[in-house]
Amino acid sequence: MGKFGRKAGKGGSPEISTASLPDIVFMLLFFFMVTTSMRDSTVMVKTDVPSATEVKKLQKKSLVSYINVGPPLPKYQSVFGAEPRIQLNDQFATIDEIQQFIVSEREKKKEYERPQMTTSLKVDADTKMGIVVDIKQALREANALKINYSTRKK
Amino acid sequence: MPRREAPEINGGSIADIAFMLLIFFIVATTMNVDSGIMRKLPELSDDPPEEIDQIKDRDVFDVRINYKNQLLVEGKSIDISRLREKAKEFIENPNNSDDLPQKEEIDVPFFGVYPVSKQVISLQNDRGTKYDIYIQVQNELTAAYNELRDEISKKQFHKPFDKLDEEEMKAVKKIYPMRISEAEPRRSTGGGS
């Protein structure tokens, strides 16, 4: 019926077929699925990482654990103050908890993957080195020696 | 005209479903490519740290950053823009000068016996140093090594360092091993941390 109706209608330009629209959208979908990774945790500190030229990309994202350091975001500042704090997973932590954190991260991974585990330090550019030094010492004690100073490419 | 038994399912809504999935993925995922400067921390051991005293003074490139973020290289205050060239000169010691690191003849694959300098870079920072400055210094030192490695790769293999295969890379790394030693920083002399 509809077909008849169309034929009988005005002889303007034919309708563009939208049959390939799903294909296009699926292509986009797959592109996003492949290139992105799941947002794992909400960042509660400001981590404006410094920029550098000699950066290397982190391989194997599943083997990377993140330590965020920086001043808490404004909405947390009433509770946690404005001094730089450490964030592990979804909560604020102290230096002493890092070792525990590394051990639990390590336990989640398979045995043969453990040597490749990397700790990425996302530290705000305005932080003082004192806290970073303490973290590095804690990481040494936890025997997590591969680290990556997260930086933006200049 | 032959007709199918079951009526065809309308495919018009597939696009809507796919769009919904697409939007979900855009919202729930992040695109950031994580990159940074790779470093390996020294192992924690009960033994006293490696005979730093036995390393000759000329083999050590002393870099210090104080709490005012000023840079002191080999006892002289310099600007960070000159650190790279200074470090390169130190690592390579092109003129075999007496106050730059001595060289040891080592057998390196592809290169034969090659004089490899015994350089060590000692980086010391204060607890009050700004992280940004520290990273800039780390970056310059890494750049110095990378540039030297690149230069020698181009000379020997006619391609940049990161295009080499694994064996060649190992050989180049043997000639210019990255030795950055970080002493534990002193207590802040002011400024607070």
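Residues numbered from 1 in each chain as written. Chains lettered and ligands numbered in written order. Predicted model: local features only at pLDDT ≥ 70, side-chain atom pairs only at ≥ 80, totals over all residues.

1. Examining the pairing of strand S2 (residues 35-40) of chain B
Here comes step 1: Looking at chain direction, strand S3 (residues 56-57) of chain A and S2(B) are connected through two bridges and run antiparallel. When the bridges of S2(B) are listed, Lys57(A) appears paired with Ser35(B).
Here comes step 2: In this sheet, S2(B) lies alongside strand S8 (residues 146-150) of chain A in antiparallel orientation, the contact comprising five bridges. Note that in S2(B) the partner of Ile147(A) across the bridge is Arg39(B). (Pairing = 2+ DSSP bridges. Helix = DSSP H or I, 4+ residues; strand = E, 2+ residues; numbered from the N terminus.)

2. Some details on the interface of chain B and chain A
Here comes step 1: Across the boundary between the two partners, chain B contributes 41 residues, which contact 44 residues of chain A.
Here comes step 2: Going through the elements one at a time, helix H1 (14-28), strand S1 (29-30), S2 and helix H3 (131-157) of chain B are the ones with two or more residues in the side of chain B that touches chain A. (Contact = placed C-beta atoms within 7 Å.)

3. Here we look at the sheet that holds strand S6 (residues 91-93) of chain A
Here comes step 1: Spatially, S3(A)-S2(B)-S8(A)-S7(A)-S4(A)-S5(A)-S6(A) is the arrangement adopted by the seven strands of the open sheet, whose pairing is mixed. The sheet is open, and its two borders are formed by S3 and S6 of chain A, each paired with just one other strand.
Here comes step 2: Sheet topology note: the strand S4 (residues 64-70) of chain A/strand S7 (residues 118-123) of chain A ladder contains six bridges and is parallel. What sits directly across from Val69(A), in S7(A), is Val123(A).

4. A look at the sheet that holds strand S3 (residues 60-65) of chain B
Residues and elements named next belong to chain B.
Here comes step 1: Strand order in the open sheet formed by five strands is S5-S4-S3-S8-S9, with mixed pairing between adjacent strands. At either margin of the open sheet sits one strand with a lone partner, and together these are strand S5 (76-77) and strand S9 (180-182).
Here comes step 2: In the sheet, S3 pairs with strand S8 (residues 120-125) via six bridges, with the strands oriented parallel. Looking at S8, one finds that Ile65 is bridged to Asn125.
Here comes step 3: The strands that H3 touches are S3, strand S4 (71-73), S8 and S9; relative to S3, the one it contacts most, it runs at about 160°. (Axes fitted to C-alpha atoms, helices over the stretch in contact; angles between N-to-C directions.)

5. With respect to the nonpolar core
Here comes step 1: With 44 residues, the main nonpolar core has Val69(A), Ala87(B), Tyr131(B), Tyr134(B) and Val137(B) as its most contacted residues.
Here comes step 2: Looking at this core, the element that brings in the most residues is H3(B), giving eight residues.
Here comes step 3: The contacts of Val137(B), once residues within four sequence positions are left out, are Val63(B), Ile65(B), Leu71(B), Ile80(B), Leu83(B) and Leu123(B). (Core = buried A, V, L, I, M, F, W, Y, C linked by C-beta atoms within 7 Å. Buried ≥ 20, exposed ≤ 12 C-beta atoms within 10 Å, placed from the backbone.)

6. As for the packing of H3(B) against helix H4 (residues 166-175) of chain B
Residue and element names in this part refer to chain B.
Here comes step 1: Put simply, H3 and H4 touch, their axes get as near as 10 Å, and they point 125° apart. As summarised for this structure, H3 and H4 are arranged oblique, according to the angle between their axes. Like other packed secondary-structure pairs, H3 and H4 cross with a definite hand, here right-handed. Contact with H3, carried on its side by Arg149, Ile152, Ser153 and Phe157, involves Glu168, Val172 and Ile175 of H4 and no other residues of that element.
Here comes step 2: Here the contact of H3 with H4 is composed, by residue class, of four nonpolar, one polar and two charged. (Parallel < 35°, antiparallel > 145°, perpendicular 65-115°, else oblique. Left-handed = near helix turned anticlockwise from the far one by under 90°. Nonpolar A, V, L, I, M, F, W, Y, C, P; charged D, E, K, R; others polar.)

7. A word on the confidence of the model for chain A
Here comes step 1: Looking at chain A, the pLDDT average stands at 82 and 90% of residues meet or exceed 70.
Here comes step 2: For chain A, per-element mean pLDDT is lowest for helix H1 (residues 2-8) of chain A, which scores 49, and highest for S8(A), which scores 89. (pLDDT = per-residue confidence, 0-100.)

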